[in-house]
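Here is what each chain is made of, one letter per residue.
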Amino acid sequence: MSTPGADEGAIKTEDSRSGNSFFGDAWVNFKRWNLKAVRNPFVLVVSLVQPIIFLVLFTEVFGNVAGGAVNQGIPGINYETYLVPAITIQVALAAAITSGIGLVNDIENGMFEKVLVTPMNRTAIFVGKTAAELFRIAIQIAIILVLGLFLGAEIVTGFVGAIGIIAVGILFSLWFVAFSNTLAILTRDQESTIIGANLLQFPLLFLSSAFLPLAALPGWIQTFARINPVTYGVDAARSLMVDQDVMTVIEVSWFGGTLDGVVPGVIVLIGLDLLFGGIAVYLLSRASSSDVK
Amino acid sequence: MPPGMEDQPELSRNGQRPDIERAKTYTEGGTAIEVDGLELVYSDGTAAIQGVDMTVPEGEFFGFLGPNGAGKTTAIKVFATLLSPTSGTVRVNGFDVRSESRKIRQTIGYMAQETSIDPELTAEENIKFACEAYGVPRGERAERVSELLDLVDLVDVADKGAEEFSGGMKKRLDAATALVHRPPLVFLDEPTTGLDPKARNRLWEYFRRINDLGTTIFLTTQYLEEADQLCDRLAVILDGQIVAEGSPADLKREVGGEVLDVELEGGPEVRAEAATIAREFDAFSDAKVVETEEGISVTAQTARQYGTDLMVAFRDAELTVTGFNIRTPTLDDVFLAITGEELETEQMETDQTGVSE
């Protein structure tokens, strides 16, 4: 029988660590969270199936009606093309919520503490987890883009534009990943995290340029849309989609073209990522430190 | 000086369990845990640990015995670098908990009180993840995983999701993940709480096996029986202080034998009469007798042999015995003997092994 005592000497002489690097530690966690995502049907349903239902229902139900309003702002595009960038942002938003849920589950089932007593680098632990989530978001956005093409949407900028849209989606998701992790640490409760993050999802989406041009919406929504991160993400992604500057809330003419619609949005998103990321990192490091709480 | 220590000097000095049967090899006689003046105060002002000094030599099976809230988990978290001490010094495997915490984490296994496994992964994947997290060399991982699955008898369910496991299986899996890097020191925080006796006995078997192979084990428990079964030496902790230290046999000797609870019909005068009879009973040379709500409680070395004779004596004195129970001392009895204080009722754990009528 091969028990750990097969060679008794080995028990006493502690095995020296193979010397996992920072990236080695991050990779270990990256793999674990990817495996968990594949195993957990909830993750996929909430963050992919729901946006797909939105994409199909909205284009089928509102396509004819909304097409006119859309064409006033951006002549010559169909509603599918208008909607796909919004759905990519919705995917990013919905998938980001599951990041906080994963953290709460880890706290609840003891894995959070278990990982903290391992010699892994603390930063690498969270970098690995976040990387797994961003990787998943990138794949989900790609699925939405393909589905959109199938439904009749057109990515005018082609493959490069598609990569750009995925990049915008990832930048957009980061602040919400940070936000859902912040909720997770503060509430340490799965239901509260889901409710808190989900409650925000629909107001954020509807009170923005996601589903209809701002010009077609009531004044108060236009006002709210200016401070709504979704507007910046959607307009940046949409500018890439249609190869025009369709950013509606910031007017710049630095580049004279599509990038005028993309760059301001990206700058706003990076700012949000740094702000929310900073808060989440602070809370995470406090939660994982050995200082008496 | 904690209460009770003055009266029992022999407890703290008595190192090894005299009746130890398992032959163990203590290599070099190094020190696994060295604690000097440890204090831990939570930010809300709760002083969870108030001045603990202790030493655990390498290879020992050491236990922390105490009720809920005594500070057991806090202490183990300090040793496992999850909590930083407020004052005092703690060295684990020769490393300082404050400045060399990562080195400690490399050389210890830690099993938390709450079972800690990833329910979305299979048994094998849980152990594999632990192997990677502890940096077990790639070439040794497969062998280590199958070794540990075998040790904790989970080979047949290696590919099953841990979510479906019973409480005992989850605990065993948890234990396996704490051993992937073959740590010379393992912390077990109330490892058998909530398990049925069969599952508990099985875990005990694994812990003994690991300890026999030379691993130092630091265990916390609420059960005297568990400490008795496993530990070479133990410390009794109450309100953040060590109130007694010694072998399980020392502690039980402190209680003064086995406990005979007798229920009697009638009022206080009947109980007083019964207590007098029990005190003067020849077969119990050193009996401790206390009156309880329903009758009396007699603690004596020979309680099991001569308990029935005492019942006969009661009958001869025309007292009506409505029930009796002979049991081994519980944690409650130990505390009563050591501190003179009863544990609060919700902290009491009566694992009675005696006969009832």
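Looking at this structure, how should I read the nonpolar core?
Generally speaking, soluble globular proteins have nonpolar side chains that are buried together. Among the nonpolar cores identified, the biggest contains 102 residues, and M54, F79, F187 and F218 of chain B are the most heavily contacted of them. When neighbours within four sequence positions are excluded, M54 of chain B is seen to be in contact with I33, E34, V35, F62, F64, F79, F218 and I242 of chain B. Counting residues in hydrophobic clusters, the runner-up holds 58 residues, among them I77, L134, W175 and A237 of chain A.

What am I meant to see in the pattern of salt bridges here?
Opposite charge on two side chains allows them to pair when their charged atoms are near. The full count for this structure, using the stated rule, is 22 salt bridges over all chains. A salt bridge links R102 of chain B to D25 of chain A; its shortest N-O distance comes to 3.8 Å. Taken together, the residues R102 of chain B in helix α3 (residues 101–107) and D25 of chain A in helix α2 (residues 22–39) connect one chain to another. Judged by relative accessible area, R102 of chain B falls into the partly exposed class, the value being 33%. A salt bridge links K114 of chain A to D174 of chain B, with the shortest nitrogen-to-oxygen separation between them at 2.5 Å. Of the two residues, K114 of chain A is situated in helix α5 (residues 111–116) and D174 of chain B in helix α6 (residues 167–177); the pairing between them involves two chains. Taken individually, K114 of chain A and D174 of chain B each receive the classification buried, so the pair is uniform in this respect. One salt-bridge network, in which partners are shared between bridges, spans R32, K36 and D106 of chain A together with D118 and E120 of chain B.

Where do I start with the interface of chain B and chain A in this structure?
Where the parts come together, the accessible area they lose is often given as the size of the interface. Opposite the 47 residues of chain B that make contact, chain A presents 42 residues. Approximately 4200 Å² of surface area, both sides summed, lies buried where chain B meets chain A, with 53% of it carried by carbon and sulfur atoms. At the boundary of chain B and chain A, one finds eight salt bridges. Applying the counting criterion to the chain B and chain A interface returns 16 residue pairs in polar contact (both at pLDDT 80 or more). For the side of chain B that touches chain A, the secondary structure elements donating two or more residues are β1 (31–41), α3, α4 (123–133), α5 (138–151) and α6 of chain B. Here the side of chain B that touches chain A takes five residues from α5 of chain B, the largest share from any one element.

Could you clarify how one ought to interpret the side chain of N40 of chain A in this entry?
Considering the arrangement of structural elements, one finds N40 of chain A in the loop between α2 and α3 (41–73). With a relative accessible area of 15%, N40 of chain A lands in the buried category. Side-chain polar atoms of N40 of chain A contact the side chain of E120 of chain B, separated by 2.9 Å.

Could you clarify how one ought to interpret the sheet that holds strand β12 (residues 288–291) of chain B in this entry?
Paired through their backbone hydrogen bonds, the strands of a sheet run either parallel or antiparallel. All names here are of chain B. Taken in spatial order, the four strands line up as β12-β13-β11-β14 in an open sheet, and their pairing is antiparallel. Each having just a single partner strand, β12 and β14 (321–327) make up the two edges of the open sheet. Going from strand to strand, the sheet's axes swing by 15° on average, the running direction of each strand aside.

Could you clarify how one ought to interpret the confidence of the model for chain B in this entry?
It should be kept in mind that the predicted coordinates are not to be read in detail where pLDDT is low. Residues and elements named next belong to chain B. The predicted model of chain B averages 83 in pLDDT, with 87% of residues at 70 or higher. Low confidence marks residues 1–27, where pLDDT is under 50. Its contacts with residues over four positions away, or in another chain, come to 55 contacts. Taken as a whole, residues 344–357 scores under 50 in pLDDT and shows 28 contacts with residues more than four places along the chain or in a different chain.

Conventions we followed
- Numbering of residues begins from 1 in every chain and follows the order in which that chain's sequence is written.
- The lettering of chains begins at A and the numbering of ligands begins at 1, in the order of writing.
- Whole-chain, interface and lining totals are the exception, using all residues; otherwise, since this is a predicted model, local features are given only for residues with pLDDT of at least 70 and side-chain atom pairs are given and counted only at 80 or more.
- Excluded from the side-chain calculations are hydrogens and water; all other atoms, namely the structure's heavy atoms, are used.
- Put simply, buried Ala, Val, Leu, Ile, Met, Phe, Trp, Tyr and Cys residues joined by side-chain atoms within 4.5 Å make one nonpolar core.
- Think of it in three bands: residues with accessible area under 20% of the maximum for their type are buried, residues over 50% are exposed, and the middle band is partly exposed, with areas taken using a 1.4 Å probe on protein chains only.
- Contacts between residues were defined by any pair of non-hydrogen atoms, one from each residue, lying within 4.5 Å.
- Note on definitions: salt bridges are taken to be side-chain nitrogens of Lys or Arg within 4 Å of carboxyl oxygens of Asp or Glu.
- Strands here are runs of E lasting at least two residues and helices are runs of H or I lasting at least four, both read from the DSSP assignment and numbered beginning at the N terminus.
- Simply put, the buried area is the total loss of 1.4 Å probe accessible area from both parts when two parts are fitted together.
- Pairs of N or O atoms are called polar contacts if they sit within 3.5 Å, as long as, within protein, a hydrogen donor faces a hydrogen acceptor (for residues adjacent in sequence, only side-chain-to-side-chain pairs).
- Strand pairing is assigned whenever DSSP detects at least two bridges linking the two strands.
- Where helices are involved, their axes are fitted lines through C-alpha atoms of the stretch in contact, as for all axes, and angles between N-to-C directions lie from 0 to 180°.
- Confidence scores here are pLDDT values: one per residue, from the predictor, ranging 0 to 100.

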